[in-house]
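A look at the structure
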Amino acid sequence: MLPSKRPSDAAAGDENGRGGDARGPGSGRRRARAAAGAVTAAPQEIDEDLHSRQLAVYGRETMRRLFASDVLVSGLNGLGAEIAKNLALAGVKSVTIHDVKTVKMWDLSGNFFLSEDDIGKNRAAACVAKLQELNNAVLISALTEELTTEHLSKFQAVVFTDIDLDKAYEFDDYCHNHQPPISFIKSEVCGLFGSVFCDFGPKFTVLDVDGEDPHTGIIASISNDNPALISCVDDERLEFQDGDLVVFSEVHGMTELNDGKPRKVKNARPFSFSIEEDTSNFGIYVKGGIVTQVKEPKVLCFKALRDAMTDPGEVLLSDFSKFERPPVLHLAFQALDKFKKDHGRCPAAGCEEDAHSFLKIAAAINEASADRKLDTIDEKLFRQFASGSRAVLNPMAAMFGGIVGQEVVKACSGKFHPLNQFFYFDSVESLPTYPLEPQDLKPSNNRYDAQVSVFGSKLQKKMEEANTFVVGSGALGCEFLKNLALMGVSCSSKGKLTITDDDIIEKSNLSRQFLFRDWNIGQAKSTVAATAASAINPSLHIDALQNRACPDTENVFHDTFWEGLDVVINALDNVNARMYMDMRCLYFQKPLLESGTLGAKCNIQMVIPHLTENYGASRDPPEKQAPMCTVHSFPHNIDHCLTWARSEFEGLLEKTPNEVNSFLSNPAQYAAAMRKAGDAQARELLERVSECLNKDRCSTFDDCISWARLKFEDYFSNRVKQLTFTFPEDAATSMGAPFWSAPKRFPRALQFSAADQSHLNFIMSASILRAESFGVAIPEWAKDTSKLADVVNKIAVPTFEPKQGVNIVTDEKASNLSSTSVDDVAVIEDLLAKLQEYAKMLLPGFQMKPIQFEKDDDTNFHMDLISGLANMRARNYSIPEVDKLKAKFIAGRIIPAIATSTAMATGLVCLELYKVIAGEHPVEDYRNTFANLALPLFSMAEPVPPKVMKHKETSWTVWDRWSVQGNLTLAELLQWFADKGLTAYSISCGTSLLYNNMFARHKDRLTKKVVDIAREVAKVDVPEYRRHLDIGVACEDEDENDVDIPLVSVYFR
Amino acid sequence: MSSPSKRREMDLMKLMMSDYKVDMINDGMHEFFVHFHGPKDSIYQGGVWKVRVELTEAYPYKSPSIGFTNKIYHPNVDEMSGSVCLDVINQTWSPMFDLVNIFEVFLPQLLLYPNPSDPLNGEAASLMMRDKNAYENKVKEYCERYAKPEDISPEEEEEESDEELSDAEGYDSGDEAIMGHADP
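Bear in mind that the values here come from a model prediction, so they are computed numbers and not experimental data.

What counts as what
- Residue indices begin from 1 for each chain and proceed along its sequence in written order.
- Whichever chain is written first becomes A and whichever ligand is written first becomes 1, with later ones labelled in order.
- Given that the model is predicted, a residue must reach a pLDDT of at least 70 before its local features are reported, and side-chain atom pairs must reach 80 or more before they are shown or counted; all residues, however, enter totals for whole chains, interfaces and linings.
- To obtain the side-chain values, all non-hydrogen atoms of the structure were used and water was disregarded.
- In this analysis, two residues are considered to be in contact whenever any of their non-hydrogen atoms come within 4.5 Å of each other.
- Take the accessible area each of two parts loses on contact, using a 1.4 Å probe, and add the two losses: that sum is the buried area.
- Each reported salt bridge corresponds to a side-chain nitrogen of Lys or Arg within 4 Å of a carboxyl oxygen of Asp or Glu.
- We call Phe, Tyr and Trp rings a pair once their centres come within 6.5 Å, taking the six-membered ring for Trp, and we label the pair stacked below 30 degrees between planes, edge-to-face above 60, and tilted otherwise.
- Helix numbering and strand numbering both begin at the N terminus, where a helix is a DSSP run of H or I of at least 4 residues and a strand a DSSP run of E of at least 2.
- Think of it in three bands: with a 1.4 Å probe and only protein chains considered, a residue is buried below 20% of the maximum accessible area for its type, exposed above 50%, and partly exposed in between.
- Here, over-ring charges are defined by two tests on the NZ atom of lysine or the CZ atom of arginine: distance to the ring centre within 6 Å, and angle to the ring normal within 35 degrees.
- Expected helix span is given by 1.5 Å per residue-to-residue step, counting one fewer step than there are residues.
- UniProt positions are given in the numbering used here, feature names are shortened, and annotations may be inferred rather than shown by experiment.
- When DSSP finds at least two bridges between two strands, those strands are taken to pair.
- Every axis in this analysis is a line fitted to C-alpha atoms, fitted for helices over the stretch in contact. Angles between the N-to-C directions lie between 0 and 180 degrees.
- Here a polar contact is recorded for every N or O atom pair within 3.5 Å, except that within protein the pair must consist of a potential hydrogen donor and a potential acceptor, and residues adjacent in sequence are included only if both atoms are side-chain atoms.
- One confidence number per residue, pLDDT, is output by the predictor and ranges from 0 to 100.
- The source of the domain bounds is an automatic or database domain assignment.

Moving on to the interface of chain A and chain B. At the interface, 63 residues of chain A touch 58 residues of chain B. Where chain A abuts chain B, roughly 5200 Å² becomes buried across the two surfaces, and 57% of that area is made up of carbon and sulfur atoms. Joining chain A to chain B, the criterion identifies four salt bridges. A:R1005 is paired through a salt bridge with B:D27; the nearest N and O atoms lie 2.5 Å apart.

Here it is, written out as structure tokens:
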């Protein structure tokens, strides 16, 4: 899932001076605990199947630290529940949930653990069992007595969501001064307003400030100068910034730089930079060299809450259109605390008296705050704040639950940059555009009371009656269903929520797709999620489908289905499906709420008919792929090796067996197809099939070992020898430059040795998978390396002679175009004849078993073979090898994912959903957001309006459509455009061309009806109920300028 | 720039306006063949190749996939698959480029200035570096043998080729500033 359309990477806030002391209190604490033997349990092994997506974000080290952390979450309102959920999913050692309050109807608007049956029970006690279900590896317990500082000492991090300021000061003082310090977080959501405060102690070490891999570069030259200028090869832009520290390795000539000493970057440019070093007297640069960024730990000095309250410093901003807002909210939250202290309760919704006294308190606090005094108090905003302050709204809880959950992970692990120290946020734009009357906000003793107190009962009714389509039931989908159920969306018989997903539940889903449990593995995601969501709110009117949203399912998601929808929520993990949904929403003019996450990053985009541009209007550049020649012969990093390994895996174990099977199933048809193709590719396929059935056929496990051993020789020795024979180390280009220059790395052949464990592991996985593909029984000893070594050592390996093919000048055959250019057709005939013979020697009905790469099964040897292939190749080229886990992330294209950013994204989307369902909001009220919890960074902006196009008096956007009435012929249609002063030069339907004025043969179509041409050429059958056909028309105006007209609907019946 | 949905049609149109012969397969716009002539004054002059062009859903954001269907001897073209290793068609593609750029500039440049330092056909690259004459002879023999107009005439099964209006000429247009470099 890509967070698409990332705004220009805003840099991490680098506010504090750096300190070199790696022994910050964070690491000191952990060391102390370990030394004291405080951790009694044996170090737990990480369940890598369960946590693979999260491991891809955090790495093993961070996960281990998390596993050793005890966390307290105090205040089990909606926010506390979200935080506890995220921590249980992340896998800390223990979560203790604390509360002294009892469950009220009011709590049901935000806390998804609670049901009406829980009313009257202690809030923490009521949540324990359901929280435990999320992760059995985490110790969950409830604490229901009044909290004292003694309770706090056993935790690494404590979180408070429902605490008054005096108590907070007391606890924070204790945590701040504790040895080692305890990380303290206070967070609150009050209606559409939220706050977070972090204090991780006087000296906290951040081990990884941004979670990004260290940047690297391949050196092309280094000057003897002061400062020295380093140029890098121009195939990849450098991403160093001034001030970064880098180390050098593999530099030839100027070997002084290989000393491992970090050097500071300056004048960073796309392909060069300088370092603070006088290299005038160093050796002269010859060749080679890699430069790698060194990530330095950073020490942060947090202020205690007491001090930070009066001197909050720089407050993290989320929305640049609300530049002045943080100090205002800082005051509002203080005023609320005072109000609660005076009245023993929050201000009541819509109560003028309470609003008045709240304003008075705020004014008094403002007067008393010396140098931070606000000039004026925005009365309207403060009234809004007071009126909704008691409500813990689910979307706000989801958003802040994500943020706070991440801060706890940072506190426990030192991974990512903590929030330093306050964060304030509001979403007042989510309020309806019409005025809310006090009687409209009154509670009616149902689960939506809290939400009604903010938005009024009119919007509540509209939400309950909404017809919603959620596409995808993965991580985002689960969070959305929980949110929608709590908000009451589609929770009446008049409303309906349709969710669809064609996927089934796997173990690796469970670490964040929190509606699923162990026992659901193998079941349909949408059905299980729908059942779980109905348990949260039994009124939810939900229909779960298993259809992928794509052109093939338009009979399920037909016009009538679409026309009845009020809003579409994407919960997808790929761009293609997003593009498809965008296209459908555009067509049916439905609002589309889009979101995506990538590790700690998330992105949400609002697509609102006629107000905003559509999703497809802007795009990220497609992922960069390594050039073919690099992957084939000149890899220079492990990604290249893994790409190669995956393609070899597919070729050997999937494609070739498939090819063999299609030959064996129907030899005549297969031969005919190959003859028809008659090209080099067909010939190559046949050669592979032929090898598989003759020379390389395996009937015993020993055959498989032999094959694996010879493959090793071929891949890691013979091919390298051939390549270095063709291009010797000293080869020069026609211009005289060395052929083997950066970024190319000169390879060296491997000498097989049964004593080398990695060689043997390759043999083991390759022979086991080969046996599987041939249906050969795999003996017990196959996994015994010493036995394997015995067999391998007995295999005769022919010596390899590089082919002389290229020195053909003196070769007689050269003039006749030797082996490579013998007629493919003749070779194909020959191979086909041989295949017939080989087939006769097989058992009747013999088929191979193609093996499809499956990354998530640790026992299937797939990743073993792929990492073996990649690492041996890396060894050929002296590229650093990777472990199996890292190999799995890269080769399996595992998308890093964590619960926190997912939860936050859905919270942000649901804040927009209030606007969409209420309707009538101007575009200025909507927000698109990009956030990165690792930095942390929040960047919210108004959506971009759609581009307006014009021709003569008509103007339109992508949301418009042109309608043509009547069953027109092509000629009549062209005339219709001509009457508008447009020349239609190309007309298409789907991806088929109906007409192009350059094609003479298309002139025959002029007299035909457009709909008939579409039937004939595009094979489009317009369903009975639809009266129109949609076509794309490319036009020019009189001045031959292209005019980008909207989709054209021909109403032919 | 026009909306992506129109780009296929516009680009195809521009290509035909520039007198390239295009073979469509059942009027689909996802995949078609373009006749490409070796640049004048190059060792590939006289050769003609049928180049397969695939435009994915993501075109023009994603580059088109380009492959020679009849054989060509060139350091940066895979002999078996006909795949081209060229940075402007792969790594540095921009949605500002179109099909005319590919056939007027990128491919002619590639044929005029092969880059043996980043070979896809190692044998061709090595030969070019070691023995220019032998290399040129081999290129010409390949042209002679595989790249005659009759080698690319559409097979009978393929319906309706679009013969009209397009006899290729004028590949020497050097006025475009965008140059292609073989992939690093």
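All names here are of chain A. Throughout the structure, instances matching the rule amount to 58 aromatic pairs over all chains. Measuring from centroid to centroid gives 6.2 Å for F400 and F425, while their planes differ by 55°, and the two rings are tilted. Remark: F425 occurs in strand β15 (residues 422-426) and F400 occurs in helix α11 (residues 394-413); sequence separation between them is 25 residues. Residue F400 is classed as buried on the basis of its relative accessible area of 0%. Taken together, F160, F171, F184, F193, F197, F333, F358, F382, F385, F422 and Y424 form an aromatic cluster joined through their ring pairs. One residue, K711, lies across the ring of Y715, its end atom 5.2 Å from the ring centre. Seen from the ring of W644, R873 lies directly overhead, with NZ or CZ sitting 4.4 Å from the centre.

To continue, consider helix α21 (residues 680-693) of chain A. Residues and elements named next belong to chain A. Relative to the 20 Å expected for 14 residues at 1.5 Å per residue, α21 spans 20 Å between its end C-alpha atoms, a close match to the ideal helical length. Of all the positions in α21, only A680, A682, R683, L686, V689, S690, C692 and L693 are classed as buried. Buried residues belonging to α21 abut α19 (638-665), α20 (667-677), α23 (757-774) and α25 (824-840).

Here the focus is the UniProt feature "active site" in chain B. Here, UniProt's "active site" annotation points to B:C85. Here B:C85 is to be found in the loop between β4 (65-68) and α2 (99-112).

Residue and element names in this part refer to chain A. For strand β27 (residues 983-989), the tally of buried residues reaches six of seven residues, placing the bulk of the element in the interior. Here five bridges tie β27 to strand β29 (residues 1028-1036), and the two strands are oriented antiparallel to one another. Considered in β29, the bridge of S988 is made with G1032. Judged from the four bridges that link them, β27 and strand β28 (residues 992-996) form a sheet pairing that is antiparallel.

All names here are of chain A. Sheet architecture is closed into a barrel: six strands sit in the order β8-β9-β12-β11-β10-β13, paired in antiparallel fashion. Direction aside, the axes of adjacent strands within the sheet are offset by 45° on average. Bridge count for strand β10 (residues 245-249) against strand β13 (residues 290-294) is five bridges, and the pairing is antiparallel. Among the inter-strand pairings, V247 is bridged to a residue of β13, identified as T292.

Attention now goes to the UniProt feature "binding site: ATP" in chain A. All names here are of chain A. Per the UniProt entry, the sites bearing "binding site: ATP" are A475, D501, R512, K525, D573 and N574 in this numbering. Along the chain, the position of D501 falls in the loop between β17 (496-500) and α15 (525-536). The buried category is assigned to D501, whose relative accessible area is 12%. Structurally, N574 can be placed in the loop between β19 (567-570) and α17 (575-588). For N574, a relative accessible area of 29% translates into the label partly exposed. At a separation of 3.0 Å, a polar atom in the side chain of N574 contacts the side chain of D573.

So, about the confidence of the model for chain A. On average, chain A scores 91 in pLDDT, and the residues at 70 or more come to 94%. Of the regions scoring below 50 in pLDDT, residues 1-42 of chain A engages in 76 contacts with residues more than four places distant in sequence or in other chains.

So, about the environment of A:N637. Residues and elements named next belong to chain A. In this fold, N637 is placed in the loop between α18 (628-633) and α19. Residues N637 and A874, spaced 237 residues apart in sequence, show a C-alpha to C-alpha distance of 7.6 Å. Reaching out from N637, the side chain makes a polar contact with the backbone nitrogen of H640 at a distance of 3.0 Å.

On to the domain arrangement of chain A, then. Each assigned domain of chain A is listed here: domain 1 (216-294), domain 2 (636-811 + 822-878) and domain 3 (948-1051). Distance from the C-alpha centre of domain 1 of chain A to the C-alpha centre of domain 3 of chain A: 58 Å.

For the rest of this paragraph, the subject is the pairing of β29(A). Residues and elements named next belong to chain A. Counted residue by residue, β29 has eight buried out of nine residues, so it is predominantly covered. As paired strands, β29 and strand β31 (residues 1047-1051) are joined by four bridges and run antiparallel to one another. Bridge assignment links D1030 to a residue of β31, and that residue is S1049. Here two bridges tie β29 to strand β30 (residues 1042-1043), and the two strands are oriented antiparallel to one another. Its bridge partner lying in β30, C1035 is registered against V1043. Counted along the chain from β29 to the antiparallel partner β30, the turn is five residues long, and its residue E1040 has a positive phi close to 60°.

Mapped onto this structure's residue numbering, the UniProt feature "active site" falls at A:C629. Topologically, A:C629 is positioned in helix α18.

So, on to the sheet that holds strand β1 (residues 22-24) of chain B. All names here are of chain B. Taken in spatial order, the four strands make up an open sheet running β1-β2-β3-β4, and their pairing is antiparallel. Lying at the two open borders of the sheet, with one neighbouring strand each, are β1 and β4. Direction aside, neighbouring strands of the sheet carry axes that sit 25° apart on average. Pairing analysis gives four bridges linking strand β3 (residues 48-54) to β4, with the strands arranged antiparallel. If you follow V51 over to β4, its bridge partner there is F68. Most of the contacts of α2 go to strand β2 (residues 31-37), to which it runs at about 45°, and overall it touches β2, β3 and β4.

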